[in-house]
Amino acid sequence: MTPRPVMVDIEARDVGALARFWAQALGRTAHDTDGTCHVAPARPDLADVTLSVVPAVPASGPPTRAKNRLHLDLAGASAAHRAELVGRLRDLGATPLDVGQGEVPWTVLADPEGNAFCVLEPRETYRDTGLPAAVVIDCVEPHTMASFWGKALHWTVHEVTEAYASLRSPRDAGPYLEFLRTPDSDTGPDRLRLALLAGSGDPAAEIARLRTLGATGGDAGRGGPPGAVLADPEGHAFRVVTSGRSS
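Note that the structure is a prediction, hence the values are computed from the model and not measured.

Draft legend 1. Representation of the overall build of the chain in the model. Helices and strands together make up the secondary structure of the chain, namely 4 helices and 16 strands. Buried positions account for 49% of the 247 residues belonging to the chain. For the chain, the share of sequence-separated contacts (at least 6 apart) that also reach a separation of at least 24 residues comes to 64%. In the structure as shown, the chain presents an accessible area of about 11100 Å², 54% of it carried by carbon and sulfur atoms.

Written out as structure tokens, the structure is:
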């Protein structure tokens, strides 16, 4: 059984406050486990993404308002729903953010610790995803990333172009995993990253398999619960949870 994405790690200075924001934003409940707060979907059997808010490490520096290499897109079901959602998120503590997007039909906001996310205009692609529409990762070569992550997760590749690639669970449920060509994407530490749950087999074998696909590393990790931290072919860190509960 291969790993599957079960969470997005978000480093936070105030774990509880940021977890409460995202729980209220997504209509979920936050559960604290040893200093980490999991914001999980109501039905964990669905192919959805849990947010895992973890303590920031000193190397992260003070909170900044920025577009990280990984961000969330939230789906607007209609123009009225999107406007209501943006208003509700701002009431919860989100603020408008300019990351150079220019005139676009979606809204870019920052959560209370400055992490950018988008509230999208209605799109047919996301009609059945639920509120989290996509986990978007900046990269240099979408084709390379789609190839690695498709094999790593056994997810279905839906689209690959020079500028964009998208994958989704083979159950065709939950958010998409998307890769957006961003040539100036750096390879430094980021405050958001994927975390995967190893399958029920030998965790060491799972990690070895990911390395044969092009992953590198395997240290103890930056914050959060225990687990090996690897990097994909473009240097994006991701955590492989090899023991204990993930949510």
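Don't stop here, the text continues.
Draft legend 2. Spatial organisation of helix 1 (residues 15-26). Between its first and last C-alpha, helix 1 extends 16 Å over 12 residues, near the 16 Å set by a 1.5 Å rise per residue. Inspection of helix 1 places Val 15, Leu 18, Ala 19, Phe 21, Trp 22, Ala 23, Ala 25 and Leu 26 among the buried residues, and these make up the whole buried set. Of the residues one or two after helix 1, Gly 27 is the one with positive phi, at around 70 degrees.

Draft legend 3. Quick peek at the environment of Gly 235. Within the fold, Gly 235 resides in the loop between strand 15 (228-231) and strand 16 (237-241). Here Gly 235 falls in the partly exposed class, since its relative accessible area comes to 29%.

Draft legend 4. Spatial organisation of the environment of Leu 197. Within the secondary structure, Leu 197 is located in strand 13 (residues 192-197). Taking the C-alpha atoms as reference, Leu 197 lies 4.9 Å from Val 241; in sequence the two are 44 residues apart.

Draft legend 5. Examining the sheet that holds strand 8 (residues 116-119) more closely. The strand order across the open sheet built from 8 strands is 6-7-8-5-9-12-11-10, with neighbouring strands paired in mixed fashion. Two strands lie at the open edges of the sheet, namely strand 6 (95-96) and strand 10 (156-160), each paired on one side alone. In this sheet, strand 12 (residues 176-181) lies alongside strand 11 (residues 164-168) in antiparallel orientation, the contact comprising 4 bridges. Residue pairing across strands places Leu 167 opposite Leu 177, the latter belonging to strand 12.

Draft legend 6. Inspection of the nonpolar core at higher detail. Residues Trp 22, Leu 89, Phe 117, Trp 149, Leu 177 and Phe 238 are the most contacted members of the largest nonpolar core, which totals 52 residues. Top element by residues in this core is helix 1. It accounts for 8 residues. Phe 117 has contacts with Phe 21, Trp 22, Leu 72, Leu 74, Leu 89, Ala 94, Thr 107, Val 108, Leu 109, Ala 110 and Asp 111, leaving out every residue within four places of it along the chain. The next biggest cluster of nonpolar side chains, apart from the first, holds 12 residues, and it includes Ala 75, Leu 120, Val 136 and Tyr 176.

Draft legend 7. The pattern of salt bridges, seen in detail. Within this structure, the stated rule accounts for 9 salt bridges. Notably, a salt bridge pairs Arg 168 with Asp 128, separated by 3.2 Å at the nearest N-O pair. Taken together, the residues Arg 168 in strand 11 and Asp 128 in the loop between strand 8 and strand 9 (132-139) connect sequence positions 40 residues apart. The exposure class assigned to Arg 168 is buried, which follows from its relative accessible area of 1%. By relative accessible area, which is 41% here, Asp 128 ends up partly exposed. Residue Arg 168 pairs with Asp 172 through a salt bridge whose shortest N-O separation is 3.5 Å.

Draft legend 8. The packing of aromatic side chains, seen in detail. The full count for this structure, using the stated rule, is 7 aromatic pairs. Between Trp 22 and Phe 117, the aromatic rings sit 4.9 Å apart at their centres with planes inclined by 65 degrees, giving edge-to-face as the arrangement. Linking Trp 22 in helix 1 with Phe 117 in strand 8, this pair joins segments that are 95 residues apart in sequence. Grouping residues by exposure puts Trp 22 and Phe 117 together as buried. Ring centres 5.8 Å apart and planes at 70 degrees place the aromatic pair Tyr 126 and Tyr 176 in the edge-to-face group. Taken together, the residues Tyr 126 in the loop between strand 8 and strand 9 and Tyr 176 in strand 12 connect sequence positions 50 residues apart. An aromatic cluster of three or more residues is present, and its members are Phe 21, Trp 22 and Phe 117.

Parameters and conventions
- Residues numbered from 1 in each chain as written.
- Predicted model: local features only at pLDDT ≥ 70, side-chain atom pairs only at ≥ 80, totals over all residues.
- Heavy atoms only, no water.
- Helix = DSSP H or I, 4+ residues; strand = E, 2+ residues; numbered from the N terminus.
- Buried < 20%, exposed > 50% of the residue type's maximum accessible area, 1.4 Å probe, protein only.
- Contact = heavy atoms within 4.5 Å.
- Areas by Shrake-Rupley, 256 points an atom, 1.4 Å probe, with all protein chains shown as cover.
- Expected span 1.5 Å × (residues − 1).
- Pairing = 2+ DSSP bridges.
- Core = buried A, V, L, I, M, F, W, Y, C linked by side-chain atoms within 4.5 Å.
- Salt bridge = Lys/Arg side-chain N within 4 Å of Asp/Glu carboxyl O.
- Phe/Tyr/Trp six-rings, centres within 6.5 Å; stacked < 30°, edge-to-face > 60°.

None of this, on its own, says anything about what the molecule does.
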